[in-house]
Amino acid sequence: MTLDPQDWAAVRATGHRMVDDMLHWQQTVRERAPWQPVPEEVKRRIDEPVPYAGMPLDQVYDAFLRDVLPYPTGNIHPRFWGWVMGTGSPTAMLAEMLAAGMNAHLAGYDQSASLIEKQVVAWLAQLMGFPADASGLLVSGGTAANLNGLLAARVAKAGWDIREEGLHAGPPLVVYGSCETHSWAGKACETMGMGRKAFRKVAVDGHYRLDLAACRAAILADLAEGRRPIAIIGNAGTVNTAAVDDLPAIRALADEFGLWFHVDGAFGSLAAWSASRALVAGQDLADSIAFDLHKWGYLPYEVGVVLTRDAGAQLAAFQSAAGSAAYLQSSSAGISADTTYFSDRGIQLSRGFRALKVWMAMKEQGVGRIGAMIQLNIDQAHYLARRVEAADHLELLAPVAMNIVCFRYVPGPATDAALNALNQAILTELQVRGVAVPSQTMLEGRFAIRVCVTNHRSDWADFDALTDAVLAIGAELAAAHQLA
Ligand SMILES: *Cc1c(COP(=O)(O)O)cnc(C)c1O
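Residues numbered from 1 in each chain as written. Predicted model: local features only at pLDDT ≥ 70, side-chain atom pairs only at ≥ 80, totals over all residues. Heavy atoms only, no water.

How do you make sense of the overall build of the protein chain when you look at a structure like this?
Scanning the protein chain from N- to C-terminus turns up 15 helices and 11 strands. Taken over C-alpha atoms, the radius of gyration comes to 24 Å for the protein chain, in line with the 23 Å a tight globule of 484 residues would show. When its C-alpha atoms are laid out on the principal axes, the protein chain stretches across 75 × 70 × 45 Å. Buried positions account for 49% of the 484 residues belonging to the protein chain. Approximately 21900 Å² of the protein chain is accessible, and the part contributed by carbon and sulfur atoms is 55%. Of the side chains in the protein chain, 39 bear a positive and 50 a negative charge, and the two mean positions are spaced by 1 Å. (Helix = DSSP H or I, 4+ residues; strand = E, 2+ residues; numbered from the N terminus. Rg over C-alpha atoms; globule rule 2.2 N^0.38 Å. Buried < 20%, exposed > 50% of the residue type's maximum accessible area, 1.4 Å probe, protein only. Areas by Shrake-Rupley, 256 points an atom, 1.4 Å probe, with all protein chains shown as cover. Lys, Arg positive; Asp, Glu negative; His and termini not counted. Charge placed at Lys NZ, Arg CZ, Asp CG, Glu CD.)

Where do I start with the packing of aromatic side chains in this structure?
Two aromatic rings are characterised by how far apart their centres lie and by the angle between their planes. Counted under the stated rule, the structure contains six aromatic pairs. When the ring of Trp 81 is compared with that of Phe 463, the centres are 4.8 Å apart and the planes differ by 25°; the resulting orientation is stacked. Note that Trp 81 is positioned in the loop between helix 3 (57-68) and helix 4 (90-102) and Phe 463 in helix 15 (residues 460-480), a separation of 382 residues in sequence. Per residue, the accessibility class of Trp 81 equals that of Phe 463, and both read buried. The ring of Phe 130 has Arg 309 sitting right over it, with the charged end atom 5.0 Å from the ring centre. (Phe/Tyr/Trp six-rings, centres within 6.5 Å; stacked < 30°, edge-to-face > 60°. Lys NZ or Arg CZ within 6 Å of the ring centre and 35° of its normal.)

What exactly am I supposed to notice about the nonpolar core here?
Membership of the largest hydrophobic core comes to 75 residues, with the highest contact counts inside it found for Ile 232, Trp 273 and Leu 293. For Trp 273, the contacting residues outside a window of four places in its chain are Leu 124, Leu 127, Met 128, Leu 293, Met 362, Val 367, Ile 370, Gly 371 and Ile 374. Listed in part, the 31 residues of the second largest apolar core include Ala 425, Val 435, Leu 466 and Val 470. (Core = buried A, V, L, I, M, F, W, Y, C linked by side-chain atoms within 4.5 Å. Contact = heavy atoms within 4.5 Å.)

Honestly, the site of the ligand in this entry has me stumped. Any pointers?
Surrounding the ligand, one finds 14 residues, the nearest of these being Gly 142, Thr 143, Asp 264, Asp 292 and Lys 295. Within the contact set of the ligand, an oxygen atom lies 2.8 Å away from a side-chain nitrogen or oxygen of Asp 292. His 294 places a side-chain nitrogen or oxygen 2.9 Å from an oxygen atom of the ligand. Counting residues per element, the shell around the ligand draws most heavily on helix 6 (residues 142-157), at three residues. Split by residue class, the shell around the ligand holds four nonpolar, seven polar and three charged. (Near = heavy atom within 4 Å. Polar contact = N/O pair within 3.5 Å; in protein donor to acceptor, adjacent residues only side chain to side chain. Nonpolar A, V, L, I, M, F, W, Y, C, P; charged D, E, K, R; others polar.)

Is there a simple way to think about the side chain of Asp 67 in this case?
In this fold, Asp 67 is placed in helix 3. A distance of 3.0 Å separates polar atoms of two side chains, one belonging to Asp 67 and the other to Arg 66. Excluding anything up to four places from it in sequence, Asp 67 contacts Val 42, Arg 45 and Ile 46.

So what exactly am I meant to see when it comes to the domain arrangement of the protein chain here?
The figure often quoted for interface size is the accessible area lost as the parts come together. Along its sequence, the protein chain is carved into domain 1 (8-31 + 36-71), domain 2 (104-365) and domain 3 (368-478). Each of domain 2 and domain 3 was reduced to a C-alpha centroid, and the two centroids are 32 Å apart. Of the residues lining the interface, 27 residues belong to domain 2; the matching set on domain 3 comes to 24 residues. Carbon and sulfur atoms make up 65% of the area that domain 2 and domain 3 hide from each other, which totals about 2100 Å². Counting across the interface, domain 2 meets domain 3 through zero salt bridges. Classifying every residue of the side of domain 2 that touches domain 3 gives 16 nonpolar, nine polar and two charged. (Domains from an automatic or database assignment. Buried area = accessible area lost by both parts, 1.4 Å probe. Salt bridge = Lys/Arg side-chain N within 4 Å of Asp/Glu carboxyl O.)

Please explain the pattern of salt bridges as it appears in this structure.
One side chain can pair with another of opposite charge once the charged atoms of both are near each other. Tallying each qualifying case throughout the model produces 25 salt bridges. A salt bridge links Asp 205 to Arg 209, with the nearest nitrogen and oxygen atoms 3.2 Å apart. A cluster of three or more residues bridged by salt bridges with shared partners is formed by Arg 30, Arg 79, Asp 459 and Asp 462.

I keep staring at the sheet that holds strand 8 (residues 394-396) and nothing clicks. Help me out?
Strands pair in a sheet through their backbones, by hydrogen bonds, and they do so in one of two ways: parallel or antiparallel. Strand order in the open sheet made by the four strands is 8-9-11-10, with antiparallel pairing throughout. With partners counted over all chains shown, the strands left at the sheet margins are strand 8 and strand 10 (439-443), one partner each. Ignoring strand direction, the axes of neighbouring strands in this sheet form an average angle of 40°. Here strand 10 runs beside strand 11 (residues 446-452); their pairing, made up of five bridges, is antiparallel. Each residue of the ladder has a partner; that of Thr 441, found in strand 11, is Ala 448. (Pairing = 2+ DSSP bridges. Axes fitted to C-alpha atoms, helices over the stretch in contact; angles between N-to-C directions.)

What exactly am I supposed to notice about the state of the cysteines here?
Covalently bonding the sulfur atom of one cysteine to the sulfur atom of another cysteine gives a disulfide. In total, this model carries zero disulfides according to the counting rule given. The thiol of Cys 189 is unpaired, and the distance to the nearest cysteine sulfur, on Cys 215, comes to 13 Å. A relative accessible area of 0% places Cys 189 in the buried class. Of all cysteine sulfurs, the one in Cys 179 lies closest to Cys 215, which takes part in no disulfide; the gap is 11 Å. (Disulfide = S-S within 2.5 Å.)

Any chance you could explain helix 6 here in plain terms?
Owing to its 3.6 residues per turn, the α-helix brings residues three or four apart onto one side. Here helix 6 is 16 residues long and its end C-alpha atoms lie 22 Å apart, about the 22 Å a rise of 1.5 Å per residue gives. All buried positions along helix 6 are accounted for by Gly 142, Ala 145, Asn 146, Leu 147, Asn 148, Gly 149, Leu 150, Leu 151, Ala 152, Ala 153 and Arg 154. Trailing helix 6 by a residue or two, Gly 159 shows a phi angle of about 100°, which is positive. (Expected span 1.5 Å × (residues − 1).)

In structure tokens:
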């Protein structure tokens, strides 16, 4: 009895077909709509009983081709600019297959895969301006990476052995960041048992950057009331408008109060690889930084990264207490001989070989070319902003700091409420008609069509097509909304 194929030749043939089909599917992505809804009949077919009896791989693959492949989120499409999603790459897809084939266990161990993750972390530390002896870990994404950074901050700055004693052994801990900080921060404080209120949402300036004076005042108020500040979060690219906080000033403020400085650079920190690296100057001053490679690194899900300046601080937060787990002790020789233990740098014990797609894509594409692509996306965002400003009925709703453009259609004098409803309808039509996929946000009560460019397949003409479509659909719907 085994789960290996009865007929290896047949599986090999199907496997070759899969590789051919997926490469073809990626190559021809532009010919399809970015997104279409999953039809009811497909939903019905997927909803089936537990398959106790198996079936041949080709038949399962046919079901995939019919019911799964045609209905993706659409983020690999050249006109997908919603939320902050990545496009992936054929190289990385193939690397995922190789990694799954090896099925290496990346807790650590004396194996090639561990060397690859160590190497990739060292490259990433260098690219982000972190010291050569910084620690780092590949994780599932930005949320996990940011949480890892805050956990290290908490162990370093709580002032008591919080891992052993827990939260109740000291005063309430608090963390600061701008009100534009991504929702991970509140969730992290919940997860850490501190409650969402422990995340102090500080006001922003006119460019959506942390108001440093307000942050300072909040720290002083918390200290006066007996709470213990532990960290300030700086944003290198906020999710609404790609705003970058004044990172060197946050470093100085953190130092003034002895706090940890964590940077959330989920997508924005990747600007450091481009000619626009000055946009994120100061992120290299952080105690920890979190970023995703499945967004602006153009790699497939999932892969996020956390780097910690002081390697000891990451170990202090995650290493199992000595002698606590006899089954995990390392030895002087054999597979557990002393080596890098990634499981001592984060929460996960069993970990996959995420590093392989990072390593292969960086080697094949070259960091120079990836950086040029990031720069092109920044240039495309500015190009779109100029088109918006030049068009009669389009209005830019926020300064373009990096790669995000927020705008709306304005047919003439109207209330924000009316414009919000109209622009929501325009956005829905863009998605449903298969034109393009921007997403939305609210900026000072105004509904914005939000375009985030982290896409290596977009052409200049795609942005022309977007503005043309917004103007055309806008004119069409304005009549229905009685705004024409
Ligand atoms: C996407 C994002 C996150 C969360 O990252 P995930 O990979 O989705 O977990 C955090 N911060 C910012 C600014 C983001 O854009």
